[in-house]
Amino acid sequence: MEKKTVIEAIGICKSFQGPTEVKVLSDVSFAIYSSEFVSVVGKSGCGKSTLLYILSTMDTNYEGDLMLDGVSMKNKKDAVLAKVRNEKIGFVFQFHYLINEFNNLRNVMLPALKMGKFTSEEIEAHAYAKLKMLGIEKEALKFPNQLSGGQKQRVAIARALINEPLIIMGDEPTGNLDKKNSDIVFDIFKELVETYKQSLLIVTHDLDFAAKTQRTITMEDGQLTHTIH
Amino acid sequence: MKFKLISQIAIALLTARLKQSLVAAFGVTFSITMFITLLSFMGGLNDMLDDLILNRTPHIRLYSEILPSPVQPIEQSIHNADAYHFVAHIKPKNELSSIRNSEAIMDALNQDNHVLGFAPKTALPIFYNLGTIHLSGILNGIDIDAESRLFSFQDYVIAGEPIDLKNTPNSLILGIGVANKMLVQIGDMVQITTSEGTPFNLKVVGIFQSGIEELDKVQSYTTIATTQKILGKPASYINDIQVKIFDINMAPALAKQYHTLFDTEAIDIQTANAQFETGSSVRTLISYAVGITLLIVAGFGIYNILNMMIYEKMDSIAILKATGFSGRDVNAIFITIALSIGLIGGALGLLFGLGLSAIIGEIPFNTPSLPTVTTYPINYNPKFYIIGAIFSIITTYLAGYFPSRKASQIDPVDIIRGK
Ligand SMILES: Nc1ncnc2c1ncn2[C@@H]1O[C@H](COP(=O)(O)OP(=O)(O)O)[C@@H](O)[C@H]1O
Ligand SMILES: [Mg+2]
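Residues numbered from 1 in each chain as written. Chains lettered and ligands numbered in written order. Predicted model: local features only at pLDDT ≥ 70, side-chain atom pairs only at ≥ 80, totals over all residues. Heavy atoms only, no water.

Draft legend 1. Structural context of the nonpolar core. All names here are of chain B. With 112 residues, the main nonpolar core has Phe 334 and Ile 337 as its most contacted residues. The leading source of residues in this core is helix H11 (residues 274-312), at eight residues. In contact with Ile 337, not counting residues within four places along its chain, are Ala 10, Leu 13, Leu 14, Leu 306 and Met 309. Among the nonpolar cores identified, the runner-up in size contains 20 residues, and Leu 54, Ile 99, Leu 109 and Ile 245 belong to it. (Core = buried A, V, L, I, M, F, W, Y, C linked by side-chain atoms within 4.5 Å. Buried < 20%, exposed > 50% of the residue type's maximum accessible area, 1.4 Å probe, protein only. Helix = DSSP H or I, 4+ residues; strand = E, 2+ residues; numbered from the N terminus. Contact = heavy atoms within 4.5 Å.)

Structure representation (structure tokens):
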């Protein structure tokens, strides 16, 4: 069965201008299909985060092309890209980036409120459902600083899920977590793929974690060296 | 809907820095309070001084002046028409300073619907006789009813009844300066001499205090008939017609019109009191300058708090952008923060300004020159409040503009990479 391509990088090159030009990514091409769980591994500094920022449309300063859901993201306006991120991409970073002035429920609701497709009652129900799915519905009305690191990361995952994105991207989402919490997060990701057919692209330096994913892309000096299926 | 979300986020950021936000808002409150108070007080002072001068000043004064004939006979000569004439020997006639045709003019003024009213006057120079000393002065023959109605004459009569001037023959109301010098009281007789040397006895029925000392030392008032009697002139003998019109701004135009129509001199209030207007506008200008300076200082307060918030909330801004808020949304959030600080601070400032000026308006203020004023004058002109509100919004918007732009331009990649 032909699988639908969710995101496709076509010959992406990126270099940083400085005293000397540093080429961080050279000719990176690959594709991710729907309900695929892909991990990216590589040594620290090899350009994994840089690649992810480009794939997430936050960094627009690169050569090559990026297709998201079949649409090129090249030369799009800031507001258009913001809308794409809002509707099609969910993010999980190493740091949770929850807003401390809002309770956890509201933090989860924010991207959906921004999208504005549903009433705030509906959004609240969706947010509760996501929190419940991640086993932290009891923490909904608490504030982020009242949660443990693992719980915060789960709220961040719920926030990434709220708009039912095409793909969830994670930049070392378990980097700050202990083994137990890492496993919990991994199980969540796995469930998302298996039960909810969610596509995932997770950057990690944790080889155990990567080994458990469906496909691993290995990077070295800004190039893809091999992918393990 | 979108505005609701933006304002919710703005409020969340505000509460994160509640104390500093309140201090910034208080800065606006303080400056608007001072702005309103200052302008109301200055406005009140200006009005008071306007009253002091303008209320007693006719909008247009018609008088006749002793002037040389503008067309000298030699100029009417058909010979040497182009030549320059040095000979100008026809001196003014001794027709004195009576307005010609005064009765016809007053009839015409009665018909004119620009005119609120007018008060005729016959003034003559006199001497107050004080033993062997003669104090020079001016005796004004006035129409007491018109004078009271148009120029609040009764307000300045501090002893006696103005109406007695009409009821008691050969009476006068004496300026307080002269009265004190002559040691006279109501009911006393004073002797005056005209410039021709004719003595005359008049009974004091009132004491007058204008607040302008120079005037109070020389002026006294009687009826027109009395002055005409002293001068030995007919009832049509009038020096001066003081006209009040409905729209003071029309005074210069009407003065010109009357000048040609009635063939008298006519001077309007704007020309006669040009320097006075300047004083008022300078005072107003200073109040505005001080008020705006205070506001600008408050603006810097807002600018600071916003910069601090942006610096502290870098992470929140980054995640908002990463999850789909555009630069414009972030800009709107911070502008909303700035404007709510400005609006809340400004609204309180308007209220406190009203309160403070009301308090000042209750403070007793007695001055012999202004018998009708008992407390500090305050002008509650709504214009000041509207200007204050607009200024507070404009300054807070400007104060918020640059920080908000900075926030909207934050690159989330920079922030996220830094963690
Ligand atoms: N803003 C920048 N300017 C210059 N070099 C940068 C910048 N950001 C990242 N780099 C360099 O790009 C390389 C890749 O960085 P990164 O993508 O963060 O690696 P990874 O996530 O794989 O650890 C590193 O060598 C880093 O020093
Ligand atoms: Mg990295």
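Draft legend 2. Structural view of the interface of chain A and chain B. Each partner contributes to the interface: chain A provides 23 residues, whereas chain B provides 28 residues. The contact between chain A and chain B buries some 2200 Å² in all, and 66% of this surface belongs to carbon and sulfur atoms. Applying the counting criterion to the chain A and chain B interface returns two salt bridges. Across the pair Lys 313 of chain B and Glu 101 of chain A runs a salt bridge whose closest N-O atoms are separated by 2.8 Å. Scanning the region where chain A abuts chain B turns up seven residue pairs in polar contact (both at pLDDT 80 or more). Looking at the side of chain A that touches chain B residue by residue, the classes come out as 14 nonpolar, two polar and seven charged. (Buried area = accessible area lost by both parts, 1.4 Å probe. Salt bridge = Lys/Arg side-chain N within 4 Å of Asp/Glu carboxyl O. Polar contact = N/O pair within 3.5 Å; in protein donor to acceptor, adjacent residues only side chain to side chain. Nonpolar A, V, L, I, M, F, W, Y, C, P; charged D, E, K, R; others polar.)

Draft legend 3. Region of interest: the site of ligand 1. Residues in contact with ligand 1, as listed here, are Phe 16, Val 24, Lys 43, Ser 44, Gly 45, Cys 46, Gly 47, Lys 48, Ser 49 and Thr 50 of chain A together with Arg 417 of chain B. With respect to ligand 1, its neighbouring residues span chains A and B. Take Cys 46 of chain A: an N or O atom from its main chain is 3.4 Å from an oxygen atom of ligand 1. Here ligand 1 loses 63% of its free accessible area of 560 Å² to cover by the protein chains. (Near = heavy atom within 4 Å. Areas by Shrake-Rupley, 256 points an atom, 1.4 Å probe, with all protein chains shown as cover.)

Draft legend 4. Examining the pattern of salt bridges more closely. Scanning all chains against the criterion turns up 16 salt bridges over all chains. One salt-bridge network, in which partners are shared between bridges, spans Lys 4, Asp 69 and Lys 88 of chain A.

Draft legend 5. Focus on the side chain of His 96 of chain A. Residues and elements named next belong to chain A. Along the polypeptide, His 96 turns up in the loop between strand S6 (89-92) and helix H3 (104-115). At 2.9 Å, the side chain of His 96 and the backbone nitrogen of Leu 98 are in polar contact. The residues touching His 96, leaving out its near neighbours within four places in the chain, are Lys 152, Gln 153, Ala 156 and Arg 159.

Draft legend 6. Seen up close, the packing of helix H2 (residues 18-53) of chain B against helix H14 (residues 382-408) of chain B. Residues and elements named next belong to chain B. Two numbers describe how H2 lies on H14: the axes approach to 10 Å, and their chain directions differ by 150°. As far as their axial angle goes, H14 and H2 are roughly antiparallel. For the crossing formed where H2 meets H14, the hand is right-handed. Contact with H2, carried on its side by Val 28, Ile 32, Phe 35, Ile 36, Leu 39, Ser 40 and Gly 43, involves Phe 384, Tyr 385, Ile 387, Gly 388, Phe 391, Ser 392 and Thr 396 of H14 and no other residues of that element. Across the contact of H2 with H14, the residue classes break down as nine nonpolar, five polar and no charged. (Axes fitted to C-alpha atoms, helices over the stretch in contact; angles between N-to-C directions. Parallel < 35°, antiparallel > 145°, perpendicular 65-115°, else oblique. Left-handed = near helix turned anticlockwise from the far one by under 90°.)

Draft legend 7. Quick peek at the packing of aromatic side chains. Residues and elements named next belong to chain B. For the structure on display, the rule yields 17 aromatic pairs over all chains. Ring geometry for Phe 35 against Tyr 288: centres 5.9 Å apart, planes inclined by 70°, an arrangement best described as edge-to-face. Taken together, the residues Phe 35 in helix H2 and Tyr 288 in helix H11 connect sequence positions 253 residues apart. Per residue, the accessibility class of Phe 35 equals that of Tyr 288, and both read buried. Summarising the aromatic geometry, the rings of Tyr 397 and Tyr 401 are spaced 6.3 Å apart at their centres and angled 45° between planes, so their arrangement reads as tilted. Residue Tyr 397 and its partner Tyr 401 are both found in helix H14; the two are separated by four residues, about one turn of the helix. Overall, the relative accessible area of 38% leaves Tyr 397 in the partly exposed class. Among the residues examined, Tyr 401 registers a relative accessible area of 32% and is labelled partly exposed. (Phe/Tyr/Trp six-rings, centres within 6.5 Å; stacked < 30°, edge-to-face > 60°.)

Draft legend 8. Quick peek at unusual backbone geometry. The phi angle at Tyr 97 of chain A is positive, at roughly 55°, despite the residue not being glycine. Checked against the element boundaries, Tyr 97 of chain A lands in the loop between S6 and H3. In the Ramachandran plot, Asn 170 of chain B falls in the positive-phi region, its phi being about 50° despite a non-glycine side chain. Looking at the secondary structure, you find Asn 170 of chain B in the loop between helix H5 (164-167) and strand S5 (171-175).

Draft legend 9. Inspection of the environment of Val 24 of chain A at higher detail. Residues and elements named next belong to chain A. Tracing the chain through its elements places Val 24 in strand S2 (residues 22-33). On a C-alpha basis, the gap between Val 24 and Asp 221 in space is 7.0 Å, while along the polypeptide they are 197 residues apart. For Val 24, the residues in contact, after removing those within four places along its chain, are Lys 14, Ser 15, Phe 16, Cys 46, Gly 47, Thr 50, Asp 221 and Gly 222.

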